[in-house]
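Inside the fold
Given next are the chains, with one letter for each unit.
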There are 2 protein chains.
Amino acid sequence: MNTSATLLDTLRAEVDQSLRKFLDLRRPLLADPDLAPLLQAADEFLAGGKRLRPAFCYWGWRAAGGGPDPAIVTAAASLELLQASALIHDDVMDKSDLRRGMPAAHKRFEALHERSGWHGSARRFGEGAAILLGNLLLLWSGEMWRTSGLAEEALDAAMPLHDHMRTELMCGQYLDLLEQAEGESTFEGALRVALYKSGRYSVEQPLRLGLTLAARGELPWMERLCVEYGRSVGIAFQLRDDVLGVFGDPAETGKPAGDDLREGKRTMLIARALGSATPRQAEDVRALLGDPALDEAGVARLRAIIEETGALAACEEMIKRYLDDALASLEQAPITPESRQALTGLAIAATARRT
Amino acid sequence: MNTSATLLDTLRAEVDQSLRKFLDLRRPLLADPDLAPLLQAADEFLAGGKRLRPAFCYWGWRAAGGGPDPAIVTAAASLELLQASALIHDDVMDKSDLRRGMPAAHKRFEALHERSGWHGSARRFGEGAAILLGNLLLLWSGEMWRTSGLAEEALDAAMPLHDHMRTELMCGQYLDLLEQAEGESTFEGALRVALYKSGRYSVEQPLRLGLTLAARGELPWMERLCVEYGRSVGIAFQLRDDVLGVFGDPAETGKPAGDDLREGKRTMLIARALGSATPRQAEDVRALLGDPALDEAGVARLRAIIEETGALAACEEMIKRYLDDALASLEQAPITPESRQALTGLAIAATARRT
């Protein structure tokens, strides 16, 4: 029997190939040499990524009895285009200059403008081009999904869910902006963002899509697996992301150390820290969090408060509890041993400590 | 027999109603009170607009023998969501503060931030929320098209064209950014932008979509109508838009006078003016065009150069020639008298002088 790491590596290679093939089919449409930078940025952006969402979708399909059909790999891979679109727009909205350790899309276009000695604001050109690139990838994710080669009945069964997921993604991103703007750091607010922004869209919905495609509708046990396994892994995944955003190694996160602190992200870590902070600590958090010029000493001070208040330990404990619940639920689901093994490996990989 | 104005007014009312119905169906998805500003902005944005693209699509359908089916009104109305998405993103990219005489979407969200006394940059919140609203409308345009109630075979026949149009729209917008950045004002460059940015997407492609939906494929005379009528009206429409952008009445355009000059748009007017300018005039154009702080005197100077070089008259002549060609081609097409009448009225309405 394959190990779960082998199963996940094999799928990742298939998803990579499927994305390259889809982009190659789009080249004739963008044959004008002036459009080459758009395609190149898409190629480079899509060369990276953990392919997490496609994996949850694919293994949902296999868990509900679907076979290793190339069409499901293509449909699942389309979620990576959706994610790329969201990240490119996210970086424009956050004015985030780095992504996966490389310049963000808008910075690449800005550099193209500068290199070419063009007129007008390079920053504005970069942001505009990145918005359009994100739109292209958003459109293409829908095309790739529809033209994956899956049976019409399967696509029809999953279509309302697919539409719902994409609307929910945009709404979740808006709630995230709002949460930062309102500057309230409550446990409930942080949990809502963890759930909407990423939890549902990263794990639960891709899994549900795969299950629904294979079952061409809903089987009695599916909803429970989506909520008890999918939602729990999704929240734990987002909490891990929050921890990495503050304590992660830049070589691993591809972002400068403390970037989430500089952006003022209202995560569960911050909500927990403020919930247990002394007046002095709370004052420091309010003064430092969201300061775009936050230096190393400021990052260190915020990290120390997050550790001293017990917020870091509490988040690690939450991640462990959500993961344990998810794995216990997985044991109960009437799915094949291979898909159980892969979904176990995926849950662990998505939430593992990486420091 | 109905006049063409009555035909167009009736359709506009039906498109309005169809859009309201579609948005109403989305309300339960956005029931969280925090999401209300997104829906409200969508409602307000979609209350305006000339419904030009839906009209070309609808009358394409009728021209190819389709009946007055409510499903085609819904499918055609979905193009208005696509257009709204493009305008909202456009205003973010151009930092344009007014749209249809009202604050642009990003300015509305910026004002919400200020009114609410939230944290962080109001401008950044406004732009982020507007990017997300544009994404929502882009997704919804695809949903409205697919769920319009048209027969599966009709939608399948038009799907490649529908996908193509949307990719082309994003590429056209990118070429427009590029043209402004490169700052070259050539006749060919201006014509390419007029064609890609708006010409094909505003008239030719909506018309082709309607024809293809009704014919469930391509009839021998259709391509000729799309190119000779559709493309000509599309270019004339964009040229009219360029003239209005410089000489239009703000009450009519909904934009401050001379806004296109301040943004440095490289239109046919500018290409023509530079092509016939004296060295002194050319120097003034280069110094003034694209200056964000351009005042009334600067606008007046640029207008005078555009008139004195004969660029305005040349553009008016081009509009007239494209319109005449389009109407002559329409005479030859084997379509019903009612659709010929409506398409004649539409071509005139889309390109008419409004000063």
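Criteria and thresholds
- Residues numbered from 1 in each chain as written.
- Chains lettered and ligands numbered in written order.
- Predicted model: local features only at pLDDT ≥ 70, side-chain atom pairs only at ≥ 80, totals over all residues.
- Heavy atoms only, no water.
- UniProt positions renumbered as here; feature names shortened; annotations may be inferred.
- Least-squares fit on C-alpha atoms with pLDDT ≥ 70 in both.
- Contact = heavy atoms within 4.5 Å.
- Patch = residues over 30% accessible without salt bridge, like charges linked within 9 Å, V, L, I, M, F, W, Y side chains within 5 Å.
- Areas by Shrake-Rupley, 256 points an atom, 1.4 Å probe, with all protein chains shown as cover.
- Salt bridge = Lys/Arg side-chain N within 4 Å of Asp/Glu carboxyl O.
- Lys, Arg positive; Asp, Glu negative; His and termini not counted.
- Charge placed at Lys NZ, Arg CZ, Asp CG, Glu CD.
- Helix = DSSP H or I, 4+ residues; strand = E, 2+ residues; numbered from the N terminus.
- Buried < 20%, exposed > 50% of the residue type's maximum accessible area, 1.4 Å probe, protein only.
- 1 Å grid on protein atoms, 1.4 Å probe; cavity = no way out; pocket = protein on both sides within 12 Å on 5 of 7 lines; lining within 4 Å.
- Points joined across faces, edges and corners; volume = space filled by probe spheres on them.
- Nonpolar A, V, L, I, M, F, W, Y, C, P; charged D, E, K, R; others polar.
- Axes fitted to C-alpha atoms, helices over the stretch in contact; angles between N-to-C directions.
- Parallel < 35°, antiparallel > 145°, perpendicular 65-115°, else oblique.
- Left-handed = near helix turned anticlockwise from the far one by under 90°.
- Buried area = accessible area lost by both parts, 1.4 Å probe.
- Polar contact = N/O pair within 3.5 Å; in protein donor to acceptor, adjacent residues only side chain to side chain.
- Expected span 1.5 Å × (residues − 1).
- Phe/Tyr/Trp six-rings, centres within 6.5 Å; stacked < 30°, edge-to-face > 60°.
- Lys NZ or Arg CZ within 6 Å of the ring centre and 35° of its normal.

As annotated in an unreviewed UniProt entry, chain A carries the name Geranylgeranyl diphosphate synthase type I and is attributed to Thermocatellispora tengchongensis. Heading Cofactor (unreviewed entry) of the UniProt record for chain A holds this comment: "Mg(2+)". The UniProt entry for chain A carries the following text under Sequence similarities (unreviewed entry): "Belongs to the FPP/GGPP synthase family."

Moving on: the relation of the copies chain B and chain A. You can overlay chain B on chain A at an RMSD of 0.0 Å; the transform is a turn of 180° with a shift of 0.0 Å along its axis. What the superposition gives is, in effect, a two-fold axis relating one chain to the other. Of the interface residues in chain B, 100% have counterparts in chain A that sit at the interface too, so the contact is made through matching surfaces.

A word on a negative patch on the surface. Side chains of Glu152 and Asp156 of chain A together with Glu152 and Asp156 of chain B sit close together on the surface and give a patch of like negative charge. Put simply, the parts of the chain that give the negative patch at least two residues each are helix H7 (152–182) of chain A together with helix H7 (152–182) of chain B. Along the chain, Glu152 of chain B falls in helix H7. Judged by its relative accessible area of 41%, Glu152 of chain B is partly exposed.

This brings us to empty space enclosed by the protein. For the structure shown, the criterion picks out seven cavities of 30 Å³ or more. Of the volumes computed, that of the largest cavity is approximately 180 Å³. Per-class residue counts for the lining of the largest cavity are eight nonpolar, four polar and five charged.

Quick look at the side chain of Glu110 of chain B now. Summarising the element assignment, Glu110 of chain B is placed in helix H5 (residues 105–116). Discounting residues that sit within four places of it in the chain, Glu110 of chain B has contacts with Ala122, Arg123 and Gly126 of chain B.

This brings us to the pattern of salt bridges. Counted by the stated rule, this structure contains 62 salt bridges over all chains. With a closest N to O distance of 2.8 Å, Arg208 of chain A and Glu223 of chain A form a salt bridge. Highlighted residues: Arg208 of chain A in helix H8 (residues 187–215) and Glu223 of chain A in helix H9 (residues 222–247), separated in sequence by 15 residues. Since its relative accessible area comes to 10%, Arg208 of chain A is described here as buried. We note a salt bridge from Glu168 of chain B to Arg200 of chain B, for which the minimum N-O separation is 2.9 Å. Of this pair, Glu168 of chain B sits in helix H7 while Arg200 of chain B sits in helix H8 (residues 187–215); the two residues are 32 residues apart in sequence, bridging distant segments of the chain. The same class applies to Glu168 of chain B and to Arg200 of chain B, which are both buried. Each of the salt bridges in this network shares a partner with another, and the network as a whole consists of Lys95, Arg123 and Glu127 of chain A together with Lys95, Arg123 and Glu127 of chain B.

Before going further, it helps to examine the packing of helix H4 (residues 70–94) of chain A against helix H6 (residues 122–146) of chain A. All names here are of chain A. Running from N to C, H4 and H6 point in directions that differ by 165°, and their axes come no closer than 8 Å. Taken together, the axes of H4 and H6 lie roughly antiparallel to each other. Here H4 runs over H6; the crossing is left-handed. Seen from H4, the contacting residues are Thr74, Ala75, Ala77, Ser78, Leu81, Leu82, Ala84, Ser85, Ile88, His89 and Val92; seen from H6, they are Glu127, Ala130, Ile131, Leu133, Gly134, Asn135, Leu137, Leu138, Trp140, Ser141, Met144 and Trp145. Residues of the contact of H4 with H6, tallied by class, amount to 15 nonpolar, seven polar and one charged.

Residue and element names in this part refer to chain A. Here Met144 is to be found in helix H6. Take Met144: its relative accessible area is 0%, and that puts it in the buried class. A sequence separation of 65 residues divides Met144 from Leu79, and the C-alpha atoms of the two residues are 9.0 Å apart. Excluding residues within four positions of it along the chain, Met144 makes contact with Ser18, Leu19, Phe22, Thr74, Ala77, Ser78 and Leu81.

Before going further, it helps to spend a moment on unusual backbone geometry. For Arg51 of chain A, which is not glycine, the phi dihedral falls at a positive 60°. Even without being glycine, Arg216 of chain B reaches a positive phi, approximately 50°. When its relative accessible area of 46% is taken as the criterion, Arg216 of chain B is described as partly exposed.

It is worth spelling out the interface of chain B and chain A at this point. The interface is formed by 49 residues belonging to chain B together with 49 residues belonging to chain A. Taken over both partners, the interface formed by chain B and chain A buries close to 4700 Å², and the fraction arising from carbon and sulfur atoms is 67%. Contact with chain A buries area across many residues of chain B, yet Leu132, Leu139 and Tyr174 of chain B alone supply 15% of it, more than any other trio. Across the pair Asp163 of chain A and Arg146 of chain B runs a salt bridge whose closest N-O atoms are separated by 2.8 Å. The interface formed by chain B and chain A contains ten residue pairs in polar contact (both at pLDDT 80 or more). Looking at which element gives the most residues to the side of chain B that touches chain A, the answer is H7 of chain B, with 16 residues.

Here we come to helix H3 (residues 52–63) of chain B. Every α-helical turn comprises 3.6 residues, leaving residues that sit three or four positions apart pointing alike. Residue and element names in this part refer to chain B. For H3, with twelve residues, the first-to-last C-alpha span of 16 Å sits near the 16 Å given by 1.5 Å per residue. The buried fraction of H3 amounts to twelve of the twelve residues, a majority that puts the element mostly inside the structure. Among all positions in H3, only Leu52, Arg53, Pro54, Ala55, Phe56, Cys57, Tyr58, Trp59, Gly60, Trp61, Arg62 and Ala63 are buried. Looking one or two residues beyond H3, the residue adopting positive phi is Gly65, at roughly 95°.

Our focus in this paragraph is the packing of aromatic side chains. Applying the stated criterion across every chain, the model contains twelve aromatic pairs over all chains. Each ring, one from Trp118 of chain A and one from Phe125 of chain A, has its centre 5.4 Å from the other, and the planes form 70°; the classification is edge-to-face. With centroids separated by 6.3 Å and ring planes inclined at 70°, the aromatic side chains of Phe22 of chain B and Trp140 of chain B adopt a geometry described as edge-to-face. Here Phe22 of chain B is found in helix H1 (residues 4–26), whereas its partner Trp140 of chain B is found in helix H6 (residues 122–146), with 118 residues between them in sequence. Like Phe22 of chain B, the residue Trp140 of chain B is buried in the burial classification. Clustering of aromatic rings is evident, with ring pairs tying together Phe109, Trp118 and Phe125 of chain A together with Tyr174 of chain B. Its guanidinium or amino end placed over the ring of Phe22 of chain A, Arg26 of chain A lies 3.8 Å from that ring's centre, counting from NZ or CZ. Directly above the ring of Tyr322 of chain B sits Arg321 of chain B, whose terminal nitrogen or CZ lies 5.7 Å from the centroid.

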